[in-house]
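Residue-level listing of the chains:
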Amino acid sequence: MPPRRRFRDPIQHHRVFHLTESRIAIAGHPIHAMMVGFPIALGFSTLGSDVLYWWSGDSFWVRVSLWASGASFLMGILAGLTGVAELLLVPGIRIRAASWTHAILAVMLLALLGTNWGSRLSGQDVLPWGLLMSALAAGLVAMTGWHGGKLVFDYGLGSHDAHRAAPSRTDSS
Ligand code: HEM
């Protein structure tokens, strides 16, 4: 009987695939992961204050949304810069398609956060377009954040040794 053939995933066996440790980090803690909480929380806060304005008609909430949308955009840009640096500098992150999917989602999100803030700065009405943009941005924040979490928890990106616990099903060695 011929020996059983072992299949190897050429990408997973590429040395670069396992070089996933964060380079933009403080004492091994990725700065991107520390920063993304701000655009996520502020993006949802913008939607919250828009809904409260819609419900109450109190212009206080318009000012809250102006600040929250601006802060979510600016903190998102800072978080995005650290993410882009990781993407370009860490070979095991750069080589994975999933990292680029997250980056594309994030750039679309940042464009929307910026547009939402800009429309408020230029005095556009919150209802209906500001509220709709905030709702869309909250959905995109959720998708981008969920996908970023996948990069860390499914692929182990940003940590020392990706795929340490996930041998390929076809790799019996
Ligand atoms: C172009 C911009 C971005 C790029 C290239 C990028 C790239 C990355 C990379 C490479 C990781 C893996 C962990 C690491 O190496 O630090 C990651 C994680 C993550 N990203 Fe981004 N990112 C970007 C923007 C954003 C934005 C705007 C958000 C906010 C919604 C976000 C949310 C996350 C989350 C939640 C994680 C998981 C962090 C954790 O739980 O430890 N990213 N991102």
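For the structure given in this document, a descriptive report is provided here. Computed from a prediction, not measured in an experiment: that's the story for all the values here. (Residues numbered from 1 in each chain as written. Predicted model: local features only at pLDDT ≥ 70, side-chain atom pairs only at ≥ 80, totals over all residues.)

Concerning the overall build of the protein
Argument step 1. The number of helices and strands found in the protein is six helices and two strands.
Argument step 2. Against the compact-globule benchmark of 16 Å for 173 residues, the protein has a radius of gyration of 21 Å, which places it well outside the compact range.
Argument step 3. Overall, the C-alpha framework of the protein stretches about 80 × 35 × 20 Å when taken along its three principal axes.
Argument step 4. Across the protein, the fraction of contacts at a sequence separation of at least 24, relative to all contacts at a separation of at least 6, is 75%. (Helix = DSSP H or I, 4+ residues; strand = E, 2+ residues; numbered from the N terminus. Rg over C-alpha atoms; globule rule 2.2 N^0.38 Å. Contact = placed C-beta atoms within 7 Å.)

Overview of the environment of Ala25
Argument step 1. Mapped onto the fold, Ala25 is located in strand β1 (residues 25–26).
Argument step 2. Non-local contacts of Ala25, meaning those with residues more than four positions away in its chain, are made with Pro30 and Ile31.

Some details on the packing of helix α3 (residues 60–89) against helix α5 (residues 97–121)
Argument step 1. Between α3 and α5, the shortest axis-to-axis distance is 9 Å and the interhelical angle comes to 155 degrees. Considered as vectors, α3 and α5 are oriented roughly antiparallel to each other. Here the hand of the crossing between α3 and α5 comes out left-handed. Here Ser65, Leu66, Ser69, Gly70, Ser72, Phe73, Gly76, Ile77, Gly80, Gly83 and Leu87 of α3 lie close against α5, whose contacting residues are Ser99, Ala103, Ala106, Leu109, Leu110, Leu113, Gly114, Asn116, Trp117 and Arg120.
Argument step 2. Grouping the constituent residues of the contact of α3 with α5 by class yields 10 nonpolar, 10 polar and one charged. (Axes fitted to C-alpha atoms, helices over the stretch in contact; angles between N-to-C directions. Parallel < 35°, antiparallel > 145°, perpendicular 65-115°, else oblique. Left-handed = near helix turned anticlockwise from the far one by under 90°. Nonpolar A, V, L, I, M, F, W, Y, C, P; charged D, E, K, R; others polar.)

Thoughts on unusual backbone geometry
Argument step 1. In this model, Leu127 is joined to Pro128 through a cis peptide bond whose omega is 5 degrees.
Argument step 2. Within the fold, Pro128 resides in helix α6 (residues 126–153).
Argument step 3. Residue Ala27 is not a glycine yet carries a positive backbone phi of 50 degrees.
Argument step 4. With respect to the helices, strands and loops of the structure, Ala27 is situated in the loop between β1 and β2 (29–30).
Argument step 5. Given 4 C-beta atoms within a 10 Å radius, Ala27 is considered exposed. (Buried ≥ 20, exposed ≤ 12 C-beta atoms within 10 Å, placed from the backbone.)

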